[in-house]
Amino acid sequence: MATIKDIADKAGVSIATVSRVLNYDETLSVGDDTKKKIFNVAEELSYEKRQPKKKTLAKIALIHWYTEKEELNDLYYMSIRIGVENRCKQNNLAIVKFFKNNIDELMKEKIQGIVAVGKFSNKEVEDLAKITSNIVFVDYAPDEEKYDCVITNFEIATKKILDYLMEKEHREIGYIGGRETFNDRTSEINDSREVVYKNYLKEKNLFKEEYMYIGKYSASDGYDLMKKALEEHKDNLPTAFLVGSDSLAIGCLKALNENKIAVPDRVNIIGINDISIAQYVYPSLSTIKVHTELMGETSVDLLIERLNDRTISKKVSIATELIIRESSF
């Protein structure tokens, strides 16, 4: 990398002159020809001014309700975390990461704010609030009057899928979903996808309890649940399935392919999330795109506002998009 001395040597002037010219020192008395020569040499040598090291503005904690191993199996939450980390880097925020298996270490850190990714019970929220009042929750809204949160409206996303399938004249629509519990096992988390599926189809007189299959949000559960649906319904299998996550949907596709059930000719499959591999499975997966990295980025923006003394809570809902690929028509 070229230095000021290199420019000075080639331009035949002093190092001090080069420095003052490149820093646009208006008190310097040198001719325009000299200035032009210095700038030309600097450009020729691809000189880049050293940027002063930015001062770290604050230290925040990123708290994840998963372990690192669990996160590897759920690209949804990994993508949110990446968004948080990238925005922190852009804003020169120091970040300390904690997963659920090392969260006890949090008390040792002097932090000014928390981004909490995932689902947290009332007790867990209270414990975090003892550390700092500057908290933003991502993918969960424990108390909208008190805490900032960034969410995806899965109620709207679920209706988008059901409306699309009904417009395509599907009347036998199944559901394969998952349920989650808080880490402290205090209660099961209400899943809006499941609730909307049931209530919305009841409104349309299309709901059938026997078309619902619930497990965990994993590809293996998607595989097992679809196999169970195939065994129970055989030739009367629904013509379409709304699947609560792409991981589940990928498992469903595997079970259907193994049993030579044509997708989408016999069964349509639509997932939720649009994880990176959704477009590369066979057939490529129709899905609702959830802007997970943007969720992470937005959470840091809200936290910065909190650190700058905003006291009124905000709830930000990130829009989704229905993406139709080969698994539905």
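The structure presented is a predicted model; accordingly, all values stated were derived computationally and were not measured.

Thresholds applied
Residues numbered from 1 in each chain as written. Predicted model: local features only at pLDDT ≥ 70, side-chain atom pairs only at ≥ 80, totals over all residues. Heavy atoms only, no water. Buried < 20%, exposed > 50% of the residue type's maximum accessible area, 1.4 Å probe, protein only. Helix = DSSP H or I, 4+ residues; strand = E, 2+ residues; numbered from the N terminus. Pairing = 2+ DSSP bridges. Right-handed = clockwise from strand over helix to strand, strands pointing away. Axes fitted to C-alpha atoms, helices over the stretch in contact; angles between N-to-C directions. Salt bridge = Lys/Arg side-chain N within 4 Å of Asp/Glu carboxyl O.

Enquirer: I'm lost on the pairing of strand S3 (residues 113-117) in this one. Help?
Expert: Note on strand geometry: in a regular strand, side chains alternate between the two faces of the sheet. Counting buried positions over the 5 residues of S3 gives 5, a clear majority of the element. Where S3 and strand S4 (residues 135-138) come together, 4 bridges link them in parallel fashion. Looking at the pairing, valine 115 lines up with valine 136 of S4. Running through helix H6 (residues 122-129), the crossover from S3 to the neighbouring parallel element S4 is right-handed.

Enquirer: What am I meant to see in unusual backbone geometry here?
Expert: Of all residues except glycine, most have a negative phi; of all peptide bonds, most are trans. For the peptide bond that leads from valine 263 to proline 264, omega is 10°, which places it in the cis range. Assignment of secondary structure puts proline 264 in the loop between helix H10 (246-258) and strand S11 (268-273). Of the consecutive residues tyrosine 282 and proline 283, the connecting peptide bond is found in the cis state with omega at -10°. Mapped onto the secondary structure, proline 283 falls in the loop between S11 and strand S12 (286-290). Even without glycine at this site, serine 46 takes up a positive phi of about 55°. Of note, serine 46 is situated in the loop between helix H3 (32-44) and strand S1 (59-64). According to the relative accessible area criterion, serine 46 is exposed, its value standing at 54%. Backbone geometry at aspartate 309 places phi at a positive 85°, although glycine is not the residue there. For aspartate 309, the location among the structural elements is in the loop between helix H11 (292-307) and strand S13 (315-318). Among the residues examined, aspartate 309 registers a relative accessible area of 65% and is labelled exposed.

Enquirer: For this particular structure, what's the right way to read the sheet that holds strand S9 (residues 212-215)?
Expert: Two strands in a sheet stick together by hydrogen bonds in their backbones, pointing the same way (parallel) or opposite ways (antiparallel). With mixed pairing, the 6 strands of this open sheet are ordered in space as S9-S6-S10-S11-S12-S14. Whereas interior strands pair on both sides, the edge strands pair on one side only; in this sheet they are S9 and strand S14 (320-323). Each neighbouring strand pair of the sheet contributes to a mean axis angle of 15°, computed without reference to strand direction. By the bridge criterion, 4 bridges tie strand S6 (residues 173-178) to strand S10 (residues 240-243) in an arrangement that is parallel. Bridge pairing in S10 places tyrosine 175 opposite leucine 242.

Enquirer: Can you help me understand the pattern of salt bridges in this one?
Expert: If you walk through the whole model with that rule in mind, you get 23 salt bridges. One salt bridge in this structure joins glutamate 109 and lysine 59, with 2.6 Å as the shortest N-O distance. Of the two residues, glutamate 109 is situated in the loop between strand S2 (94-98) and S3 and lysine 59 in strand S1; the sequence distance between them amounts to 50 residues. Across the pair glutamate 194 and arginine 179 runs a salt bridge whose closest N-O atoms are separated by 2.5 Å. Here glutamate 194 is found in helix H8 (residues 192-203), whereas its partner arginine 179 is found in the loop between S6 and strand S7 (180-181), with 15 residues between them in sequence. We classify arginine 179 as partly exposed; its relative accessible area is 35%. One salt-bridge network, held together by shared partners, links Asp148, Glu305, Arg306, Arg310 and Lys314.

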